[in-house]
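Examination of the molecular architecture
Residue strings, one per chain:
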Amino acid sequence: VDAFVTSMNRAAEAAAPLARDVFVDSIRKMTFEDAVTILRGREHARPMFAPRGLGRALVDPHAAWLAGQGHRVTAMDSSDVGLAKLRRLADARGVAVDFRLADIDAWDWAPDAWDAVVAVFIQFAGPAMRRRIFEGIRRTLRPGGVLLLHGYAPRQVDYGTGGPPSRENMYTVPMLEQAFAGWEFLRLADYDAEIDEGAGHSGRSALVDLVARRPAG
């Protein structure tokens, strides 16, 4: 267990050039409080990585690392550019990842199929699609499974430092509390941070983190 926790922390640190510090902290929080629970009693946990907008695969270091631990990892993106990045990293590390080029709105959210779902900046989804995605996540996570969701708050539109110009696509704390009512919230935070992820994603940003666990019972 200690080796697992240490390795997961190293994977989070390796992602720092791609992920803002607070999100890395969320990964660490999930590691200590949840990741061991996810894997306990299961020889091969199954995490799924949902698509990030614009083909920028933020979570690819974690996908490759988890695959390297012997877990069956599925990385799904609607952009072949994003999947190409994932493939290059997986090939460089000599690991196998199940890559899926897919429309998230048409994804088969099979019941109790995944131990973890990671969804980062999927705010191309408007309210109706977002409802369908959230319902799918609730259905597809196994009891005790963990959701890690990261995105923008509505005031991000005013900041203009990334994301779509659509307030209705953004997250609020009450929205997420309602969408995942009955789950255990390990982290739910709305905050501002300075980010630098290249052209179009740099400067003061309004961010929302959610780390939530489906009840085991």
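Refer to the preceding data block for the structure.
Residues numbered from 1 in each chain as written. Predicted model: local features only at pLDDT ≥ 70, side-chain atom pairs only at ≥ 80, totals over all residues. Heavy atoms only, no water.

1. Considering the overall build of the protein chain
Threshold: Elements are defined by DSSP. Helices are runs of H or I of four residues or more, strands are runs of E of two residues or more, and each kind is numbered from the N terminus. Each residue's exposure class comes from its accessible area (1.4 Å probe, protein chains only) as a fraction of the maximum for that residue type: buried when under 20%, exposed when over 50%, partly exposed otherwise. Whether two residues are in contact is decided by their heavy atoms, any of which lying within 4.5 Å being enough.
What the protein chain contains, in helices and strands, is seven helices and seven strands. Secondary structure elements of the protein chain, listed N to C terminal, follow the sequence α-α-β-α-β-α-β-β-α-β-α-α-β-β. Split into buried and exposed, the 217 residues of the protein chain put 53% on the buried side. At a minimum sequence separation of 6, the contacts of the protein chain that also span at least 24 residues come to 74%.

2. Focus: helix H5 (residues 127-140)
As a reminder, the rule being used: Multiplying 1.5 Å by the helix residue count minus one yields the expected span of that helix.
Along its 14 residues, H5 runs 20 Å from first to last C-alpha, staying within 8% of the 20 Å computed at 1.5 Å per residue. Residues of H5 that are buried in the fold lie against strand E4 (114-120), strand E5 (141-152) and helix H7 (173-179).

3. Let's talk about the side chain of serine 205
In plain terms, the rule: Here a polar contact is taken to be a pair of N or O atoms separated by no more than 3.5 Å, where protein atoms must pair a possible hydrogen donor with a possible acceptor and residues adjacent in sequence count only if both atoms sit in side chains.
Tracing the backbone shows serine 205 in strand E7 (residues 202-213). Look at serine 205 and you get buried, because its relative accessible area is 0%. Side chain to side chain, serine 205 and threonine 161 meet in a polar contact 3.1 Å long. Sequence-distant contacts of serine 205, defined by excluding residues within four places in its chain, comprise Tyr152, Gln156, Tyr159, Thr161, Tyr191, Asp192, Ala193 and Ile195.

4. Quick word on the pattern of salt bridges
Heads up, the condition is: A pairing counts as a salt bridge when a side-chain nitrogen of Lys or Arg comes within 4 Å of a carboxyl oxygen of Asp or Glu.
In total, this model carries 10 salt bridges according to the counting rule given. For aspartate 112, the salt bridge identified is with arginine 214, shortest N-O distance 2.7 Å. Placement of the pair is aspartate 112 in the loop between strand E3 (98-101) and E4 and arginine 214 in the segment after E7, with a sequence separation of 102 residues. Taking relative accessible area as the criterion, aspartate 112 reaches 37% and is therefore assigned partly exposed. Bridged by salt links that share partners, the residues Arg155, Asp190, Asp192 and Arg204 form one connected network.

5. Focus: the packing of aromatic side chains
In plain terms, the rule: Pairs were defined over the aromatic rings of Phe, Tyr and Trp, the Trp ring being its six-membered one, requiring ring centres within 6.5 Å. Orientation was assigned from the angle between planes: stacked under 30 degrees, edge-to-face over 60, tilted for the rest.
Going through the model one piece at a time under the given rule, you end up with four aromatic pairs. Considering the side-chain rings of phenylalanine 180 and tryptophan 183, the 5.2 Å spacing of their centres and the 55 degrees angle between planes classify their relative orientation as tilted. Classification of phenylalanine 180 as buried rests on a relative accessible area of 0%. Taken together, the ring pairs connect Phe134, Tyr171, Phe180 and Trp183 into an aromatic cluster.

6. Observations concerning the nonpolar core
Under the convention used in this document: Grouping buried Ala, Val, Leu, Ile, Met, Phe, Trp, Tyr and Cys residues that are joined through side-chain atoms within 4.5 Å yields what is termed a nonpolar core.
Ile133, Phe134, Ile137, Leu147 and Leu149 are the most contacted members of the largest nonpolar core, which has 26 residues in total. It is E7 that contributes the most residues to this core, four residues altogether. Those residues in contact with isoleucine 133 that lie beyond four places of it in its chain are Ile104, Trp109, Ile122 and Ala125. With 14 residues, the next largest nonpolar core counts Val120, Val146, Met170 and Tyr191 among its residues.

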